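Survey of secondary and tertiary structure
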Amino acid sequence: MKSLTKSTVFAKCAAFCTLSLLVLANVQAQEIKIGFVNTERIFREATPAKSAQVKIEQEFSKREKELQDLATRIKGMSDKLDKDATILSESDRAKRQRDLTDLDKEFQRKQREFREDLNQRRNEELATVLERTNKVIRQIAEAEKYDIVFQEAVYISPRIDITDKILKALNK
């Protein structure tokens, strides 16, 4: 009888401890502070991102203008070849066609190089903006005691979206 009482007391004590741990875990789970930052919105709306975009546009505007001029020149040559095709000799027509093809190849090459360089510079500038954004996110997360801050999610509740706070800090 004495051993039955000890096991009953032990079982009740174990149940009480388990229940206490569950209640404590539930209370702690409710205290977790989660935030979300919309990175796409940061890249669209933040002053550093807008400044980076303007900087890139200025940096590449000359090359873009050169490409547009070359495209206009090719179009003019093509139109002139079409217009004069009936009065040109076969050798002149072939030479103009060859010149037009060579110029078009040069245009395609320059256009490809332009896009590659533009994408590389854009990635560099966005990496700088992202690095600065991450620093601001860390500062706000530490100051406001966030347990975790996500930058990508399939769904987020507006309740945990802290993008406006981050934008405000970046735009100072």
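Position numbers for residues count from 1 along each chain, tracking the sequence in the order it is written. Local features in this predicted model are restricted to residues of pLDDT 70 or higher, and side-chain atom pairs are both shown and tallied only at a pLDDT of 80 or more, whereas totals for entire chains, interfaces and linings draw on every residue. Only hydrogens and water are set aside when side-chain values are computed; all heavy atoms of the structure are taken into account.

1. Observations concerning helix H3 (residues 47-84)
Rules: We count a stretch as a helix when DSSP gives it H or I for four or more residues in a row; a strand needs E for two or more, and each element gets its number in order from the N terminus. Multiply 1.5 Å by the residue count of a helix minus one, and that product is the helix's expected span. A residue's bend is given by the angle between axes fitted to the 7 residues ending at it and the 7 residues starting at it. By the convention used here, residues are in contact when the closest approach between their heavy atoms is within 4.5 Å.
Over its 38 residues, H3 runs 53 Å from end to end, which matches the ideal 56 Å to within 8%, given 1.5 Å per residue. Most pronounced at Ser-61, the bend in H3 amounts to some 45 degrees. Elements in contact with the buried residues of H3: helix H2 (39-45), helix H4 (90-143) and helix H5 (163-170).

2. Quick notes on the side chain of Glu-125
Operational definition: Each residue gets one of three labels from its accessible area relative to the maximum for its type: buried under 20%, exposed over 50%, partly exposed in between, using a 1.4 Å probe on protein chains only.
Considering the arrangement of structural elements, one finds Glu-125 in helix H4. With a relative accessible area of 12%, Glu-125 lands in the buried category. In this view, Glu-125 contacts Ala-52, Lys-55 and Ile-56; residues no more than four positions away in its chain are not counted.

3. Thoughts on the environment of Lys-172
As for its placement among the helices and strands, Lys-172 is situated in the segment after H5. Of the residues examined, Lys-172 reaches a relative accessible area of 78% and is grouped as exposed. Sequence separation between Lys-172 and Thr-47 is 125 residues; the distance between their C-alpha atoms is 8.5 Å.

4. What about a nonpolar patch on the surface?
Rules: Each patch is built from salt-bridge-free residues with over 30% relative accessible area, joining like charges within 9 Å and nonpolar side chains (Val, Leu, Ile, Met, Phe, Trp, Tyr) within 5 Å. Accessible surface area values rest on a Shrake-Rupley calculation with a 1.4 Å probe, where residue burial reflects the displayed protein chains alone. Salt bridge, as used here: a side-chain nitrogen of Lys or Arg that lies within 4 Å of a carboxyl oxygen of Asp or Glu.
Taken together, Ile-32, Ile-34, Ile-148 and Phe-150 make up a surface patch of nonpolar side chains, about 330 Å² in accessible area. Following the sequence through the fold, Ile-148 ends up in strand E2 (residues 148-150). Looking at Ile-148, the relative accessible area reads 37%, which means it is partly exposed.

5. A short note on the pattern of salt bridges
Enumeration according to the criterion identifies 16 salt bridges in this entry. For Arg-41, the salt bridge identified is with Glu-45, shortest N-O distance 3.2 Å. Here the residue Arg-41 and the residue Glu-45 both occupy positions in helix H2, the gap between them amounting to four residues, near one helical turn. By relative accessible area, Arg-41 is classed as buried at 19%. Put simply, Lys-55 and Glu-125 hold a salt bridge, and the shortest N to O gap is 3.4 Å. In this pair, Lys-55 is assigned in helix H3 and Glu-125 in helix H4, connecting sequence segments 70 residues apart. Look at the salt bridges and you will find they share partners, linking Lys-55, Glu-59, Arg-121, Glu-124 and Glu-125 into a network.

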